[in-house]
Amino acid sequence: MKEHLEMEKQLAAKEAVKFIKDNQIVGLGTGSTAYYAIVEIGILISSGLKIKAVPTSTKTSNLAKSLNIPLIDINEVTSIDITIDGTDEFTSDLDLIKGGGGALYQEKIVALKSKKLIIIADSSKKVDILGKFKLPIEVEINSFDYVLNQIIAINGEGEIRMAPSSPYKTDQGNYIIDADFGLINNPAQLSNKLSQIEGIIGHGLFINLADRVIMGYNDSTITYFHKSSLL
Ligand code: 5RP
């Protein structure tokens, strides 16, 4: 099963990098699926592709550097042409839960700056309704108790992510609360509620951000989910 999923991730990644063109600014996601796309981009760079890349985490930045992918600081670009990233869950509406890998805030800023966000996924990530995967919420470290109570007030439950004996810290030095809201029938509404809670830096609901999901399947086929025509 696990090997199938790795093959599916790789299939989706190989397909997604075909959309990258010379001279583009490319956002690089974080996680085990994005890993395959970054490796593919490294191969394209060694064959002459010219791009500059914006990483979404220190881990991705280090991987990109090891593959000679030229990097540029996110604040030096007004927009990113195309970003390829993974997801923890997605629906056919292209709503996502992200942040399992702990890079959700930086990933969201990169997604918001991207003209095109391509999500790559294995088939285990497709769901009818978001919410089986606990929703990662990045919180400022002095606010986590307040935020936990606010999550309860909107009918959720949350716990601080540990790593393993002290709280996990994001690249930005924040904590993550993994929150359970049951099945999320109205992700946009929950996203709005969470955005109003002081102390929350960002949350893993990505609504109306993805342009396309490319899902690999274990029979070597690829399924596209998309909202708008792309590229
Ligand atoms: C990192 C993320 C990842 O994209 C998400 O967790 C999926 O990871 P993987 O590809 O390893 O399953 O949001 O913050």
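Note that this is a predicted model, so its numbers are computed, not measured.

Q: Outline the site of the ligand, listing residues and values.
A: As a structural note, the neighbourhood of the ligand is formed by 17 residues, with Ser 32, Thr 33, Asp 88, Gly 99 and Lys 125 the closest of them. Residue Asp 88 places a side-chain N or O atom 2.7 Å away from an oxygen atom belonging to the ligand. Taking 380 Å² as the accessible area of the ligand by itself, protein coverage stands at 91%. Counting residues per element, the ones that place at least two in the shell around the ligand are helix H2 (32-46) and helix H4 (104-113). By residue class, the composition of the shell around the ligand is two nonpolar, 10 polar and five charged.

Q: Run through the nonpolar core, naming residues and quoting values.
A: Of all hydrophobic cores here, the largest spans 24 residues; its most connected members are Ile 20, Leu 28, Ile 41, Ile 51, Ile 69, Ile 84 and Ile 120. Put simply, the parts of the chain that give this core at least two residues each are helix H1 (2-16), strand S1 (25-28), H2, helix H3 (58-66), strand S3 (80-85) and strand S6 (114-121). In terms of residues, this core owes the most to one element, H2, which gives five residues. With residues near it in sequence (within four places) discarded, Leu 28 still touches Ile 38, Ile 41, Ala 53, Val 54, Pro 55, Thr 56, Thr 60, Ala 64, Ile 69, Leu 71 and Ile 84.

Q: Just give me the short version of the packing of aromatic side chains, but keep the residues and values in it.
A: Per the stated rule, a full pass over the model turns up three aromatic pairs. On the numbers, 5.5 Å between centres and 75° between planes, the contact of Tyr 35 with Tyr 36 is edge-to-face. Residue Tyr 35 is classed as partly exposed on the basis of its relative accessible area, which comes to 39%. Their ring planes at 65° and their centres at 5.1 Å tell us that Phe 90 and Phe 225 sit as a pair that is edge-to-face. With Phe 90 in strand S4 (residues 89-90) and Phe 225 in strand S13 (residues 222-226), this residue pair connects regions lying 135 residues apart in the sequence. The ring of Phe 206 has Lys 98 lying over it, and the distance from NZ or CZ to the ring centre is 5.7 Å. Sitting over the ring of Tyr 168, Arg 161 keeps its end group 5.7 Å from the ring centre.

Q: How would you explain the pattern of salt bridges if you had to name every residue and give the values?
A: Overall, the coordinates contain seven salt bridges when judged by the stated rule. The salt bridge involving Asp 122 is made with Lys 125; its shortest N-O contact spans 3.8 Å. For the residue pair Asp 122 and Lys 125, the accessibility class agrees, reading buried in each case. Close ionic contact of Arg 161 with Asp 178 constitutes a salt bridge, the shortest N to O distance being 2.8 Å.

Definitions and limits used
- Residues numbered from 1 in each chain as written.
- Predicted model: local features only at pLDDT ≥ 70, side-chain atom pairs only at ≥ 80, totals over all residues.
- Heavy atoms only, no water.
- Near = heavy atom within 4 Å.
- Polar contact = N/O pair within 3.5 Å; in protein donor to acceptor, adjacent residues only side chain to side chain.
- Areas by Shrake-Rupley, 256 points an atom, 1.4 Å probe, with all protein chains shown as cover.
- Helix = DSSP H or I, 4+ residues; strand = E, 2+ residues; numbered from the N terminus.
- Nonpolar A, V, L, I, M, F, W, Y, C, P; charged D, E, K, R; others polar.
- Core = buried A, V, L, I, M, F, W, Y, C linked by side-chain atoms within 4.5 Å.
- Buried < 20%, exposed > 50% of the residue type's maximum accessible area, 1.4 Å probe, protein only.
- Contact = heavy atoms within 4.5 Å.
- Phe/Tyr/Trp six-rings, centres within 6.5 Å; stacked < 30°, edge-to-face > 60°.
- Lys NZ or Arg CZ within 6 Å of the ring centre and 35° of its normal.
- Salt bridge = Lys/Arg side-chain N within 4 Å of Asp/Glu carboxyl O.

In short, shape yes, function no, at least from these values alone.
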